[in-house]
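Coordinate inspection notes
Listed here are the chains, written in short residue letters.
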Amino acid sequence: MAATVAPAVVTSAGQRALSQRLIDLSATVCAAWLMFGLYLDGWAHNTSLPDSFWTPWHGVLYSGYGALALFLALVAGTRLRVGLPPRSAVPEGYAPSVLGALVFGFGGVFDMLWHTF
């Protein structure tokens, strides 16, 4: 009986490790997209390009933000659906990212208002 339990535990631990690596890689790609957009937006402001909210560089910036925020929401939602308690829905180490996504979202609204008025 012990021989049948051990492989299940190892497989489960291996799946968790793979899952965590996939979460980390996906979050890194989304964050790199966001940071590239931030770089483009800074470049556009420093080169006196048109200063509007509806520009391609803002598009890259906010689509990167959207991808990262959506990814974090999907991960938390998936973890809730499989039965994890709400405190465990956000993967370990990602709570500051969720807080940052919320703050950035509010900042985006103010950025749009700033460029509009």
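Residues numbered from 1 in each chain as written. Predicted model: local features only at pLDDT ≥ 70, side-chain atom pairs only at ≥ 80, totals over all residues. Heavy atoms only, no water.

Ile 23, Ala 27, Cys 30, Leu 68, Phe 71, Leu 72 and Tyr 94 are the most contacted members of the largest nonpolar core, which has 14 residues in total. Listing elements by their share of this core, those giving two or more residues are α1 (2-46) and α2 (56-81). The element contributing the most residues to this core is α2, with seven residues. Look past the residues within four positions of Cys 30 in its chain and what remains in contact with it is Gly 64, Ala 67, Leu 68 and Phe 71. (Core = buried A, V, L, I, M, F, W, Y, C linked by side-chain atoms within 4.5 Å. Buried < 20%, exposed > 50% of the residue type's maximum accessible area, 1.4 Å probe, protein only. Helix = DSSP H or I, 4+ residues; strand = E, 2+ residues; numbered from the N terminus. Contact = heavy atoms within 4.5 Å.)

Here we come to the layout of surface pockets. By volume, the largest pocket is sized at about 310 Å³. Along the wall of the largest pocket there are 13 residues; nearest its centre are Ser 19, Gln 20, Ile 23, Val 75 and Arg 79. Looking at the lining of the largest pocket, the elements that each hand over two or more residues are α1 and α2. In terms of residue count, the dominant contributor to the lining of the largest pocket is α1 (seven residues). Per-class residue counts for the lining of the largest pocket are six nonpolar, five polar and two charged. (1 Å grid on protein atoms, 1.4 Å probe; cavity = no way out; pocket = protein on both sides within 12 Å on 5 of 7 lines; lining within 4 Å. Points joined across faces, edges and corners; volume = space filled by probe spheres on them. Nonpolar A, V, L, I, M, F, W, Y, C, P; charged D, E, K, R; others polar.)

Next up on the list: α2. Across its 26 residues, α2 extends 36 Å between first and last C-alpha, which sits within 8% of the 38 Å expected from 1.5 Å per residue. After α2 finishes, the residue Gly 83 shows a positive phi value of roughly 105°. (Expected span 1.5 Å × (residues − 1).)

As a further point, take the packing of aromatic side chains. Each aromatic ring pair is characterised by the separation of its centres together with the angle its planes make. Tallying each qualifying case throughout the model produces five aromatic pairs. Seen in terms of ring centroids, Phe 53 and Tyr 62 are 5.3 Å apart; in terms of plane orientation they differ by 40°. Their pairing is tilted. (Phe/Tyr/Trp six-rings, centres within 6.5 Å; stacked < 30°, edge-to-face > 60°.)

This next bit is on helix α4 (residues 95-116). For α4, which comprises 22 residues, the first-to-last C-alpha distance of 32 Å matches the rise-based estimate of 32 Å (1.5 Å per residue) to within 8%. Those residues of α4 lying buried are Ala 101, Gly 108, Asp 111 and His 115. All buried residues of α4 project into a common sector of 80° when viewed along the axis, lining one side. Exposed side of α4, more than 90 degrees from the buried face: Leu 99, Leu 102, Val 103, Phe 106, Phe 110 and Trp 114 are the residues found there. (Arc of directions from axis to C-beta.)

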